[in-house]
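# Structural features, examined
Listed here are the chains, written in short residue letters.
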Amino acid sequence: MANIKSAQKRILITQERTRRNRARKSMVRTAVRRFEEALASKSRDEAGTALSGAYRALDKAAGKGTIHRNTAARKKARLAARLAKKTG
């Protein structure tokens, strides 16, 4: 543990941010997994709803700075392409 008070505070703040970022990334992975499961079940309506949820999770993570906005855009484009290919 650090001896300087400001360094101690930085350690605590970093731990809290890490906890929040992990939770957000987990939410993104869960939303993407739900989309993939819906896509595998061949239900277009379910997949569309799950895609919307994945978009929301990705946008939220990008907005909070957990992931880069271009990463979120790339993932969203790939998910949309998979839906289009599967249902097209």
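You'll find the structure just up there.
To start, this report covers the structure provided alongside it.

Criteria and thresholds
Residues numbered from 1 in each chain as written. Predicted model: local features only at pLDDT ≥ 70, side-chain atom pairs only at ≥ 80, totals over all residues. Heavy atoms only, no water. Helix = DSSP H or I, 4+ residues; strand = E, 2+ residues; numbered from the N terminus. Rg over C-alpha atoms; globule rule 2.2 N^0.38 Å. Buried < 20%, exposed > 50% of the residue type's maximum accessible area, 1.4 Å probe, protein only. Contact = heavy atoms within 4.5 Å. Areas by Shrake-Rupley, 256 points an atom, 1.4 Å probe, with all protein chains shown as cover. Lys, Arg positive; Asp, Glu negative; His and termini not counted. Charge placed at Lys NZ, Arg CZ, Asp CG, Glu CD. 1 Å grid on protein atoms, 1.4 Å probe; cavity = no way out; pocket = protein on both sides within 12 Å on 5 of 7 lines; lining within 4 Å. Points joined across faces, edges and corners; volume = space filled by probe spheres on them. Polar contact = N/O pair within 3.5 Å; in protein donor to acceptor, adjacent residues only side chain to side chain. Phe/Tyr/Trp six-rings, centres within 6.5 Å; stacked < 30°, edge-to-face > 60°. Lys NZ or Arg CZ within 6 Å of the ring centre and 35° of its normal.

### Structural notes on the overall build of the protein
The secondary structure content of the protein amounts to three helices and zero strands. Put simply, the protein runs from its N terminus to its C terminus through helices and strands in the order α-α-α. For a compact globule of 88 residues, the expected C-alpha radius of gyration is about 12 Å, and the protein comes in at 17 Å, more than 25% above that figure. Taking all 88 residues of the protein together, the buried fraction comes to 22%. The contacts in the protein between residues at least 6 apart in sequence include a share of 48% that link residues at least 24 apart. If you sum the accessible surface of the protein, you get close to 6600 Å²; carbon and sulfur atoms cover 49% of it. Separation between the mean location of the 25 positive side-chain charges and that of the 6 negative ones in the protein comes to 11 Å.

### Side note on the layout of surface pockets
Here the largest pocket defines a volume of roughly 170 Å³. Taken together, Met-27, Thr-30, Ala-31, Arg-34, Ala-50, Gly-53, Ala-54, Arg-56, Ala-57 and Lys-60 make up the lining of the largest pocket. Those elements that provide at least two residues to the lining of the largest pocket are α1 (5-40) and α2 (44-64). For the lining of the largest pocket, the element with the most residues is α2, which contributes six residues.

### Things to note about the environment of Arg-24
The topology assignment puts Arg-24 in helix α1. C-alpha of Arg-24 to C-alpha of Arg-56: the two residues are 32 residues apart in sequence and 11 Å apart in space. The contact partners of Arg-24, leaving out residues within four places of it in the chain, are Ala-61, Lys-64 and Thr-66. Polar contacts involving the side chain of Arg-24 include one to the side chain of Thr-66, which spans 3.3 Å.

### Overview of the packing of aromatic side chains
Per the stated rule, a full pass over the model turns up zero aromatic pairs. Above the face of the Tyr-55 ring, Lys-76 is positioned so that its terminal group lies 5.3 Å from the ring centre.

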